[in-house]
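Residues per chain are reported as follows:
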Amino acid sequence: MKLISKSPLKGIIEVPADKSISHRSIMFGSIAHGTTTIKNFLRGEDCFSTMHAFQALGVAIEDDGDVITVHGKGIEGLRAPKQALDVGNSGTTIRLMMGMLNTCPFETVLYGDESLSLRPMNRVILPLQSMGAEISGHAGTEFPPITIHGSSQLQPMTYEMPVASAQVKSAILFAALQTEGLTTIIEKEASRNHTEEMILQFGGQIQQDGKEIRLTGPQQLKAQAVTVPGDISSASFFLAAGAIVPESEITLKNVGINPTRTGILKVLEEMGATLSMTNIDEKNQSADITIQTSQLKGITIGGEIIPTLIDELPVIALLATQAEGTTVIKDAEELKVKETNRIDATCDELKKLGANIEATADGLIIHGPTTLHGGSVSSLGDHRIGMMLQVAALLTDETVTLENPESIAISYPSFFEDVEQLTTK
Ligand code: S3P
């Protein structure tokens, strides 16, 4: 498709609901006791994968178009699925469910699309196996389809995480909730803490002491009323566009500002962007963010900030193409095992539009500022690469065509409508 080309962005939009919290609200609602309601659920393909998987496990889940209602009967209320569960493109669905289903008295097989079938699962399989789970990848590999044999009696453990990953941490926490005794997780770097927060919200107990997380199981959870804030990862495409497309000023309403997710705001500020926050809602961890076109400078991004902006790095690389000087992104090897290898995808696709960018073993180096030009690019089936390229197209008068735009519906089905709304004078 032909992308929307150069135009200032003006106006106000509400970004879609948080994907990580939407997944977890279905999961916690399903294993809690009672009726959980979810307002502002993300109706994107990944979250529907989670919803359909739990429906196939016998959980009654209704969607009246506004509120989602989950009738949870505890983990013991889950039933054997009639067939293997297709979780599409969703790494969060497969990895968190891998942690959750080991004690169930039935076998579950989880599989997904081509991209998911290439994503590493040993990071979840190995710690779960050391808790006593019987779980395996396809034909002796670590890759999906994943078979969870079920009926496992789990043992608690102390686990030092070799990667900074909220998905791995969450899978272990879901297993620990069903395990008698104290499970301790030591994080490599602090990653998003939505699972920990929702365990507390659903009436469970969990302790955190720096990078050490302790949970004593088994625990019973109670149904809750959840309101999902907007997704800062979805907002990041407009934060970037607002900062670099000339003569822009936009406000993004109801953006989630959980501190384990706000690395992008710190980076924007350090690069010199003018942004402000209003309507801060401490309880719901959300705020409205206004950003305007700014003169940016290159910076170095690495270390403990990386997990707090991991999904934003492709669009941060685009920001860097418009910044004065060199931006170095390092310590981000995890980008290689996302929906695509995002180091290569970002580098290859932005180069096609004239960026001065190189891939390194653990990140990217970008020299700016550069004037981007038209070209033919592809999302490579990765929603975040697709959205980043649409923002890039807003920097040039020339035509940019995008292959595979439909992948954007994974996390942001109304993305192009929102771009259109902000660019219509
Ligand atoms: C997520 C964790 C991150 C992130 C993904 C969502 C989650 O993955 O990239 O989009 O909801 O827990 P990792 O845990 O692999 O870093």
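Here the structure is shown first, and the text comes after it.
Reference entry: report on the structure contained in this document. (Residues numbered from 1 in each chain as written. Predicted model: local features only at pLDDT ≥ 70, side-chain atom pairs only at ≥ 80, totals over all residues. Heavy atoms only, no water.)

### Observations regarding helix α5 (residues 166-176)
What counts here: Partly exposed residues are those whose accessible area sits between 20% and 50% of the maximum for their type, while under 20% is buried and over 50% is exposed, using a 1.4 Å probe and protein chains only. Per the convention used, a helix needs a DSSP run of H or I reaching at least four residues, while a strand needs a run of E reaching at least two, with both numbered from the N terminus. By the criterion applied in these results, polar contacts are pairs of N or O atoms within 3.5 Å in which, for protein atoms, one can donate a hydrogen and the other can accept it, and in which residues neighboring in sequence qualify only through two side-chain atoms.
Taken across its eleven residues, α5 has eleven buried, putting it largely inside the fold. Every buried residue of α5 is listed here: A166, Q167, V168, K169, S170, A171, I172, L173, F174, A175 and A176. Of the residues that open α5, the one with a side-chain oxygen 3.2 Å from the backbone nitrogen of Q167 is S165.

### Things to note about the sheet that holds strand β17 (residues 300-301)
We apply this condition: By definition, two strands form a pair when at least two bridges between them are found by DSSP. Contacts are assigned to residue pairs that have any heavy atoms within 4.5 Å of one another. To obtain each axis, a line is fitted to C-alpha atoms, and for helices this fit is confined to the stretch in contact; angles are then taken between N-to-C directions over 0 to 180 degrees.
Reading across the sheet, the four strands line up as β17-β18-β20-β19 and stay open at both edges, with mixed pairing between neighbours. With one partner strand each, in any of the chains shown, β17 and β19 (356-360) form the two edges of the open sheet. As paired elements, β17 and strand β18 (residues 325-329) share two bridges and run parallel to each other. When the bridges of β18 are listed, T300 appears paired with V328. In this fold helix α9 (residues 313-321) packs onto β17, β18, β19 and β20 (363-368), with an angle of close to 20° to the strand it touches most, β20.

### Re the pattern of salt bridges
The condition is simple: We count a salt bridge whenever a side-chain nitrogen from Lys or Arg sits within 4 Å of a carboxyl oxygen from Asp or Glu.
Taken as a whole and assessed by the stated rule, the structure comprises 17 salt bridges. Residues E334 and R123 are paired through a salt bridge, measuring 2.8 Å at the closest nitrogen-oxygen approach. Separated by 211 residues along the polypeptide, E334 in the loop between β18 and α10 (342-352) and R123 in helix α4 (residues 122-130) bring together distant segments of the chain. For E334, a relative accessible area of 17% corresponds to the buried category. A salt bridge links R261 to D231; its shortest N-O distance comes to 3.0 Å. With R261 in the loop between β14 (249-256) and α8 (263-271) and D231 in the loop between β13 (225-227) and α7 (232-244), the pair connects residues that are 30 residues apart, well separated along the chain. Accessibility classification places R261 together with D231 in one group, the buried group. One connected set of salt bridges, linked through shared partners, spans R119, R192, D311, E339, R342, D382 and R384.

### Remarks on the site of the ligand
The condition that has to hold: Nearness of a residue to a molecule or strand requires only that one of the residue's heavy atoms be within 4 Å of it. Using only the protein atoms, space was sampled on a 1 Å grid; points where a 1.4 Å probe fits but cannot get out form cavities, open sets with protein on both sides within 12 Å along at least five of seven lines form pockets, and lining residues are those with an atom within 4 Å of a point. If over half the atoms of a molecule are within 2 Å of the grid points of a cavity or pocket, the molecule is regarded as sitting in it.
What surrounds the ligand is the set S20, R24, T92, S165, A166, Q167, R192, I310, D311 and K338. Between the ligand and the protein, one listed contact pairs an oxygen atom with a side-chain N or O atom of S165 at 2.7 Å. At 3.0 Å from an oxygen atom of the ligand is found a main-chain nitrogen or oxygen belonging to A166. Assessed atom by atom at 2 Å from the grid points, the ligand resides in the largest pocket. When contributions to the shell around the ligand are tallied by element, the ones reaching two or more residues are α1 (19-31) and α5.

### A closer look at the layout of surface pockets
So the rule is basically this: Grid points are joined across faces, edges and corners, and a volume is the space filled by probe spheres set on the points. When residues are grouped by polarity, Ala, Val, Leu, Ile, Met, Phe, Trp, Tyr, Cys and Pro land in nonpolar, Asp, Glu, Lys and Arg in charged, and all others, Gly among them, in polar. Domain start and stop positions are those given by an automatic or database domain assignment.
In this structure, the largest pocket occupies an estimated 650 Å³ of space. If you trace the largest pocket, you find 37 residues lining it, with A164, S165, I310, E334 and K338 closest to the centre. Taken together, the elements giving at least two residues each to the lining of the largest pocket come down to α1, α3 (91-100) and α5. Tallied by class, the residues present in the lining of the largest pocket amount to eight nonpolar, ten polar and 19 charged. Two domains each put at least three residues into the lining of the largest pocket: domain 1 (10-16 + 229-422) and domain 2 (19-227).

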